[in-house]
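Chains, contacts and geometry: an overview
Here is how the chains run, residue by residue.
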Amino acid sequence: MAGKVKLTVACGDYEIVRALKEGAVEADGLDLVMLTDMGPRERHWRMARRAEFDVCEANVGAYFMERDQGAPLTAIPVFLHRRFRHGFLFVNAAAGIRAPKDLIGRQVGGTNFQPASNIWMRGILQEEYGLPHRQVTWVVERSEDVAFTPPKDLRIEMIAPGKKLDLMLAEGELPAMLSPELPRLFRAGDKRIVRLFPDYKELELAYFRRTGIFPIMHVTTIKQEIVDKFPWVPTNLTKAFEAAKAIAYRRIANPRVVPLAWVRTALEEQEEMLGRDPWAYGLTPANRNNLETVLRYTFEQGMISKMAPLDALFADADLGDAGGSDGI
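Residues numbered from 1 in each chain as written. Predicted model: local features only at pLDDT ≥ 70, side-chain atom pairs only at ≥ 80, totals over all residues. Heavy atoms only, no water.

Let's talk about the packing of helix 3 (residues 60-68) against helix 11 (residues 285-300)
- At a minimum axis distance of 10 Å, the contact between helix 3 and helix 11 shows a crossing angle of 65 degrees. At the point where helix 3 passes helix 11, the crossing takes the right-handed sense. Taken together, the residues of helix 11 that come into contact with helix 3 (itself represented by V60, G61, F64 and M65) are L291, V294, L295 and T298.
- Tallied by class, the residues present in the contact of helix 3 with helix 11 amount to 6 nonpolar, 2 polar and no charged. (Axes fitted to C-alpha atoms, helices over the stretch in contact; angles between N-to-C directions. Helix = DSSP H or I, 4+ residues; strand = E, 2+ residues; numbered from the N terminus. Left-handed = near helix turned anticlockwise from the far one by under 90°. Contact = heavy atoms within 4.5 Å. Nonpolar A, V, L, I, M, F, W, Y, C, P; charged D, E, K, R; others polar.)

Rendered as structure tokens:
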């Protein structure tokens, strides 16, 4: 498109980006090449290691690490992935783990140390359940996306080649596992693996009511050279993501679109519990609290050297009257 700035955008294939991917929404002055076929692991690794994309949905903690290490990136306040995490702590059913404190001095598995899901849950377990993250040995199965040197008192061990964390958990070699997704054997119905918090939804709702936090997993990063050359890009890009989200909200409110019998009931329940725009963009007070919490957890867990102000980590993308979706 003549006269437009062409940008590659790597992100998940979410309903809230569908309108951008299909061209129903266009970003003013931008020609967006939407790359949505990668899984998060591939996308994060390729951006962190090779800076392959102009704009990239990225693990929030890894982004803080990259900025701490001087990477030429900034972020726009567009948060494409959020998820509550209490339901993703799994234990071996025979290990006798009844409460998080039972894991003090034990090993806990996890794909790697840096997933935003694990940063959030380690912070929550320490802050709300009395499980100090440095009194656990974190057992991982792959290298980190962003290289870092752990503090001396932070215990991280790599499993042996050929081992699988979910099998180690099922067989009792590990008592517990933090997982970004549901472990393969758990999905298959293996009764040896259970959630530590079977009432996780109630706990997550209580956490939200108490803190106002619907945990932000990913931020949207953009190469600093683009912002320096075209300072209008962050706002126009953010406005386009906002417009696409508004279309998604309207689309899923139609009970003919989603093949779930009680989809309208679920939407009404979500609106009552989380508000009209749970995926709100922008540095709103609620989002600042959210981001400051995970930034603090990233610092406390030894992955960054200092706390930076949020306004230094995010491009100025004030939407003015254009911001804020109408919700569901």
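Thoughts on the pairing of strand 6 (residues 107-110)
- Of the strand pairs in this sheet, strand 6 and strand 7 (residues 137-140) are connected by 4 bridges, and their pairing is parallel. Within the sheet, the bridge partner assigned to V108 lies in strand 7 and is W138.
- The handedness of the strand 6 to strand 7 crossover, carried by helix 4 (residues 116-129), is right-handed.
- As defined by bridge partners, strand 6 adjoins strand 9 (residues 176-178) across 2 bridges and the pair is classed as parallel. In the sheet register, V108 faces strand 9, and the bridge partner there is A176. (Pairing = 2+ DSSP bridges. Right-handed = clockwise from strand over helix to strand, strands pointing away.)

Digging into the packing of aromatic side chains
- Tallied over the entire structure, the rule returns 12 aromatic pairs.
- Put simply, the rings of Y63, F64, F79 and F314 pair up and form one aromatic cluster.
- Across the ring face of F88, the terminal group of R85 is positioned such that the distance to the ring centre comes to 4.3 Å.
- The cationic tip of R122 hangs over the ring face of W138; the distance from NZ or CZ to the ring centre is 5.4 Å. (Phe/Tyr/Trp six-rings, centres within 6.5 Å; stacked < 30°, edge-to-face > 60°. Lys NZ or Arg CZ within 6 Å of the ring centre and 35° of its normal.)

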